[in-house]
Amino acid sequence: MPFTQFSFQPFIYQALEESGFVEPTVVQKKIIPMIQKGKSVVGQSQTGSGKTHAFLLPLVDKIDSTKENVQVVITAPSRELATQIFQATKQITQLSKENIRVMNVVGGTDKKRQIARLENQQPQVVIGTPGRILDLVKENALIIHTAFAFVIDEADMTLDMGFLSVVDQIASRFDSTTQFLVFSATIPEKLRPFLKKYLENPVIEEIPTTTVISDTIDNWLISTKGQEVDQLLYKLLTLGQPYLAIVFANTKTRVDEITNYLRKKGLKVAKIHGDVPSRERKKVMRQIQNLEYQYIVATDLAARGIDIEGVSLVINAQLPKELDFFVHRVGRTGRNGLAGTAITLYNPSEEKEINTLEKMGITFLPKEIKSGKIVDTYRRNRRKERVKSQENLDPEMMGLVKKSKKKVKPGYKKKIQREITKTNQEKRKVKRRFESRDKRKQKKNSNS
């Protein structure tokens, strides 16, 4: 069914047309009607499911442009994610005949200028990081208690980054009539007390994904056994000349190491992690969007907090510590129906983690680099399978197979192979003899 089922104002349909959105996603079909009814909602869905527009469309549709006060407050755990939501909101509101004021308030920006702006006029939609929003509220510059809706985006990431107590202080400014909308990829136990505190009988929508990762993504697995990882990364990045590639690592230190190595090898690499100053990060993001970089090395902040278009290749230089993040990383490519490739590097000691991912429904295609090309390789469990098949052999055959594997004199292996063949032939003869005898017995019994 198309978006017309939601009866939005005309300017919202214009915005959707401009964005190329034709039909609502699963999460939008489920969440939008709930928000339109004024219900508080906990939406659990994966990155790339369309949840941002699931809350923006119905909330922007409800904005009363004649009222000068704050009507919607949206928090996001990173500056990049807040800015992304801000830009999506502006794209929708700019087509409204009535002016809808949207303000982005994040750390690392001029707070005094924001306070001066708020003294003149309050925005109708506030989007920002929890820390800066609370700062402005405490300064009595931003008046939020008038809002009819409060959105907490990426709640599990907010918790992981230690911002939940700040969000709690913001939430305490609202009364019981405020509509709470919480979106999260997962619902950790530590998040539940907060949800219980502020959401009375919320609608909890868990949106199952039909496929864990998009079927437009080639998901490859490459063993690092006996290989220098940084060198392997360089080979993978330069083999196919990707349109835009992101390499993910678990720590800021490892991101720095990979970046420095690739730069020494002559690649122009953008680096994104929490220790990169805000101003520099903004500059790098602009350069990435302008296609000045072909390669990006990042921590998981980028997987959850940044929407970079045109990513054709994702490489997991390390398996994420939280395996749920695997989906977020890989989901940076293969978006909007475009093809993408995800490569995960692993050490054989991480077999348990790979098995866990496979139990989550993720399918890997094992690969290796051979003669300068990425080619298919063996199944990881081939040794276990070989042992299982050998368990079915009788002791005599087991002994012959083991002998054939040892380093022996030339010609001896052929001799052993002949013995194996001869033994098999003898067994087949015996089997046929028994079958023939059984047939004769049956025939005799039937005639008597």
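Chains are numbered independently. Their residues run from 1 in the order of the written sequence. Restriction of local features to residues with pLDDT of at least 70 applies here, the model being predicted, together with a cutoff of 80 or more for giving and counting side-chain atom pairs; totals for whole chains, interfaces and linings are based on all residues. Working from all heavy atoms in the structure, the side-chain values ignore hydrogens and water.

**Some remarks on the overall build of the protein chain**
So, step 1. When helices and strands are counted, the protein chain shows 18 helices and 15 strands.
So, step 2. Scored against the burial criterion, the 448 residues of the protein chain give a buried share of 46%.
So, step 3. Throughout, a contact is declared for two residues whenever any of their heavy atoms are within 4.5 Å. Taking as baseline every contact in the protein chain between residues at least 6 positions apart, the subset at least 24 positions apart corresponds to 72%.
So, step 4. Of the roughly 24400 Å² of accessible surface on the protein chain, a fraction of 49% belongs to carbon and sulfur atoms. In this text, helices come from DSSP runs of H or I with a minimum length of four residues, and strands from runs of E with a minimum of two, each type numbered from the N-terminal end. With a 1.4 Å probe rolled over the protein chains alone, any residue whose accessible area is under 20% of its type maximum counts as buried; one over 50% counts as exposed, and the rest are partly exposed. Note that accessible areas follow from Shrake-Rupley with a 1.4 Å probe, and for residues the cover is restricted to the protein chains shown.

**Some details on the nonpolar core**
Nonpolar side chains tend to gather and get buried jointly when the protein is soluble and globular.
So, step 1. As used in this record, nonpolar core signifies buried Ala, Val, Leu, Ile, Met, Phe, Trp, Tyr and Cys residues forming a set joined through side-chain atoms within 4.5 Å. One finds F55 and I74 to be the most contacted residues of the largest nonpolar core, which totals 40 residues.
So, step 2. Beyond its immediate sequence surroundings of up to four residues, I74 is in contact with F55, L56, I85, V125, V126, I127, G128, I133 and V151.
So, step 3. By size, the runner-up hydrophobic cluster in this structure holds 34 residues, among which are V70, I133, I144 and L159.

**Examining the pattern of salt bridges**
So, step 1. Salt bridge, as used here, is a side-chain nitrogen of Lys or Arg placed within 4 Å of a carboxyl oxygen of Asp or Glu. According to the stated counting rule, one finds 13 salt bridges in the structure shown.
So, step 2. One salt bridge in this structure joins K51 and E154, with 3.3 Å as the shortest N-O distance. Here K51, found in helix α3 (residues 51-62), pairs with E154, found in the loop between β5 (149-152) and α7 (155-160); they are 103 residues apart in sequence, far enough to count as distant.
So, step 3. Residue E154 is classed as buried on the basis of its relative accessible area of 3%.
So, step 4. Its salt-bridge partner being K111, residue E139 comes within 3.8 Å of it at the nearest N-O pair.

**Considerations on the pairing of strand β9 (residues 245-248)**
So, step 1. Residues A245 and V247 point to one face of β9 and I246 and F248 to the other, with burial holding for every one of them.
So, step 2. Judged from the four bridges that link them, β9 and strand β11 (residues 295-298) form a sheet pairing that is parallel. Within β11, the position partnered with V247 by the bridge is V297.
So, step 3. Pairing between two strands is assigned when DSSP locates at least 2 bridges connecting them. Judged from the four bridges that link them, β9 and strand β12 (residues 313-316) form a sheet pairing that is parallel. Paired with V247 across the bridge in β12 is I315.

**What about the side chain of N316?**
So, step 1. Looking at the element boundaries, N316 is found in strand β12.
So, step 2. Given the relative accessible area of 0%, N316 is considered buried.
So, step 3. Apart from the residues lying within four places of it in its own chain, the contact partners of N316 are F248, F326, R329, V330, I343, T344 and L345.

**Structural notes on the sheet that holds strand β15 (residues 373-376)**
So, step 1. Strands sit in the order β10-β11-β9-β12-β13-β8-β14-β15 across an open sheet of eight strands; the sheet is mixed. Bordering the open sheet on either side are β10 (269-272) and β15, each of which pairs with just one other strand. Averaged over all adjacent pairs, the angle separating strand axes in this sheet is 25°, with direction ignored.
So, step 2. Helix α11 (residues 252-264) contacts β9, β10 and β11 of the sheet and is inclined by roughly 170° relative to β10. Working convention: axes come from line fits to C-alpha atoms, limited for helices to the stretch in contact. Angles between N-to-C directions cover 0 to 180 degrees.

**As for unusual backbone geometry**
So, step 1. The phi dihedral of E154 falls on the positive side, at around 50°, and the residue is not glycine.
So, step 2. Of note, the phi angle at L291 is positive, near 60°, even though the residue is not glycine.
So, step 3. Assignment of secondary structure puts L291 in the loop between α12 (278-289) and β11.

**Some words on the packing of aromatic side chains**
So, step 1. Aromatic pairing here means that ring centres of Phe, Tyr or Trp (its six-membered ring) are within 6.5 Å. Orientation follows from the plane angle: under 30 degrees is stacked, over 60 is edge-to-face, and everything else is tilted. A complete count under the given rule lists 10 aromatic pairs for this structure.
So, step 2. Aromatic side chains F8 and Y13 sit 5.9 Å apart centroid to centroid with 45° between the ring planes, which places their arrangement in the tilted category.
So, step 3. The buried category is assigned to F8, whose relative accessible area is 7%.
So, step 4. In this structure Y13 comes out as partly exposed when scored by relative accessible area, which is 23%.
So, step 5. For the pair F150 and F180, a centre-to-centre distance of 5.5 Å together with 90° between the ring planes defines the contact as edge-to-face. Here F180 lies in strand β6 (residues 179-184) and F150 lies in strand β5, a separation of 30 residues in the sequence.

**Quick notes on a positive patch on the surface**
So, step 1. Exposure above 30% relative accessible area and no salt bridge define the residues that can form patches, which grow by joining like charges within 9 Å and nonpolar side chains of Val, Leu, Ile, Met, Phe, Trp and Tyr within 5 Å. Positive charges are assigned to Lys and Arg, negative charges to Asp and Glu, while His and the chain termini are left out of the count. A single reference atom marks each charge: NZ on Lys, CZ on Arg, CG on Asp, CD on Glu. Residues R279, K282, K283 and R286 make up a contiguous surface patch of positive charge.
So, step 2. The residue K282 is located in helix α12 in this model.

**Some words on helix α1 (residues 10-19)**
So, step 1. Where α1 is concerned, the buried positions are F11, I12, A15 and L16. Down the axis of α1, the buried set is contained in an arc of 145°. They therefore lie on one face. Seen from the buried face of α1, the exposed residues on the opposite side, beyond 90 degrees, are P10 and E17.
So, step 2. Summarising the contacts, the buried residues of α1 are in contact with α3 and α4 (79-93).
So, step 3. Of the residues one or two after α1, G20 is the one with positive phi, at around 80°. Note that the arc is computed from the directions linking the helix axis to the C-beta atoms.

**A word on the sheet that holds strand β3 (residues 102-105)**
So, step 1. Reading across the sheet, the seven strands line up as β3-β4-β2-β5-β6-β1-β7 and stay open at both edges, with parallel pairing between neighbours. Since the sheet does not close on itself, it has two edges, and those belong to β3 and β7 (203-206), each with one partner. With strand direction ignored, the average angle separating the axes of adjacent strands in the sheet is 10°.
So, step 2. With four bridges joining them, β3 and strand β4 (residues 125-128) adopt parallel strand pairing. Residue M103 lies in a different strand from β4, and its bridge partner there is V126.
So, step 3. Strands in contact with helix α8 (residues 164-171) are β2 (72-75), β5 and β6; relative to β5, the strand with the most contacts, it is inclined by about 175°.

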